[in-house]
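Structural features, examined
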Amino acid sequence: MKHHYLGLDFLRGLGIFFVITLHTAFYFYHDIYDVDLNNPTPIITLIGFLLMFAGLFAMISGLVHTIQYIKHLNEDYSRTKYMLISGSLLLVVAYLYFLFTGPGIILFDLRSMDESLFVSLINQGSFQALTLERIFYVDSLVMLGLNILLLALLFKVIKKHLLKEKMPLYLLIGATLFMALSYFRIPLYDIYLNAKDNNQYAIMILLNWFVAKNNPILPFYAFALFGAWIALLLNKQSFKLLKKWVLPVGVTYFIVGILGYIFAPETMLERSIDLTWYFIMVAQIGLFMLMILLALYVFDFREHHSFFLSKFIMRFGVAGLTAFFFESVFSALIFKVLNLFVKIEFGIPGAILYGLSLAILWGLFFIIWEKKSYRYGVEYFMSSILMRFGESSKRDKLEKGQS
């Protein structure tokens, strides 16, 4: 089985590139508090939709961790233990990120931002007090850490059966059932909000990782399970087999999700947990499957010649966590410095251009940093710890780079 897929690096890198661009654009748009959530412009709707792409990272993560688990299936050390440590380590990074350097949570009703500590220090000149909203927020890194832990436990149970002929079918059924189960996030979220309003912290803690905003286990573990399913199909090393399964399943999910979205209320930008949200998730499962299938075909199952743009994007897939970790601080600091010379108020085009410019700056920095094997970044320190417990594919990528 092949263990490194360029298509996955490209997709992951593309996702991080757009996250950096759109995070910056969203938070530096001067009239953000005046956006009409009931009648948004097409560009605002598109930005809102693209900012909901955490499921792509979940699916790729599930795929990659399954590939690595299969690779080390018959080795002496415990890959399950490795994954448990990896997931726990990512949770530590996740909470450090969202509390200290992460993006703001927009409070439209108060026309203010709930900012992380370092971002508030730059923007306001002092540390903002941490809120329950920020402490309990389940961001994409928390979601990825939880998914790795849950996959590790699943693989521990099914290890002896993982490579059996019918396991891909069983995993597909399991992922579908879990996605159906995730519908119950809608009523559970109301219970969570009620507990929050009444200071019922035990209920909040119990439900937090399962239903709280923004990327909880329901439904994002389903994305990881679908990624694991694709990995089992990839283990056959046949693109024809991969296409035979992934194409119809992906198209079906996408169509069902789009039809459900059309007939549900338009509440996407309100980030309500309702039917609209659920069908967006269903559509995204299908969309991400098709994106993965296309990326694997272009970069791994036919002759591929690397060119500057693809290599530029792939570097974000190798060392993009460092950029993701610091991008809110970096964008706030640059904006602060620029405002020392001229008063800046970005409209939508200016905000997007500002975000795109900073993403490109990160990419240019990666070109130089790659020559140093991305030393001392977040990925470097995480892989240094994980290497004590087994082989780190991330460290291999850091050292080999995309050159």
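Residues numbered from 1 in each chain as written. Predicted model: local features only at pLDDT ≥ 70, side-chain atom pairs only at ≥ 80, totals over all residues. Heavy atoms only, no water.

**Things to note about the pattern of salt bridges**
In this structure the tally under the stated criterion is nine salt bridges. As a salt-bridge pair, D114 and R134 come within 3.6 Å of each other at their nearest N and O atoms. With D114 in strand β2 (residues 112-114) and R134 in helix α6 (residues 132-136), this pair connects stretches of sequence that are 20 residues apart. You can call D114 buried: its relative accessible area is 4%. Residues R315 and E370 are paired through a salt bridge, measuring 3.1 Å at the closest nitrogen-oxygen approach. Within this pair, whereas R315 is found in helix α14 (residues 308-338), its partner E370 is found in helix α15 (residues 348-370), the two being separated by 55 residues in sequence. Classification of R315 as buried rests on a relative accessible area of 6%. When salt bridges that share partners are traced, they join D9, R12 and K397 into one network. (Salt bridge = Lys/Arg side-chain N within 4 Å of Asp/Glu carboxyl O. Helix = DSSP H or I, 4+ residues; strand = E, 2+ residues; numbered from the N terminus. Buried < 20%, exposed > 50% of the residue type's maximum accessible area, 1.4 Å probe, protein only.)

**Describing the environment of I313**
Within the fold, I313 resides in helix α14. I313 has contacts with F10, G13, L14 and F17, leaving out every residue within four places of it along the chain. (Contact = heavy atoms within 4.5 Å.)

**Things to note about the side chain of T101**
With respect to the helices and strands, T101 occurs in helix α4 (residues 79-101). Classification of T101 by relative accessible area gives buried; the value is 4%. Polar side-chain contacts of T101 include one of 2.6 Å to the backbone oxygen of F325. For T101, the residues in contact, after removing those within four places along its chain, are L96, S116, F118, V119, F325, S328 and V329. (Polar contact = N/O pair within 3.5 Å; in protein donor to acceptor, adjacent residues only side chain to side chain.)

**Focus on unusual backbone geometry**
Trans is the common state for peptide bonds, and a negative phi is the common state for residues other than glycine. Following K213, the chain continues into N214 via a peptide bond in cis, with omega recorded as 20°. The residue N214 is located in the loop between α10 (201-211) and α11 (217-234) in this model. Following L218, the chain continues into P219 via a peptide bond in cis, with omega recorded as 15°. Along the chain, P219 falls in helix α11. Positive phi outside glycine occurs at R111, with the angle close to 50°. Turning to its location among the elements, R111 is positioned in the loop between β1 (105-107) and β2. Of note in this structure, S373 is not a glycine but carries a positive phi near 60°. Following the sequence through the fold, S373 ends up in the loop between α15 and α16 (378-386).

**Examining α11**
End to end, α11 covers 25 Å across 18 residues, agreeing with the expected 26 Å (1.5 Å per residue, within 8%). For α11, a buried count of 18 out of 18 residues is recorded, marking the element as mostly surrounded by other parts of the structure. (Expected span 1.5 Å × (residues − 1).)

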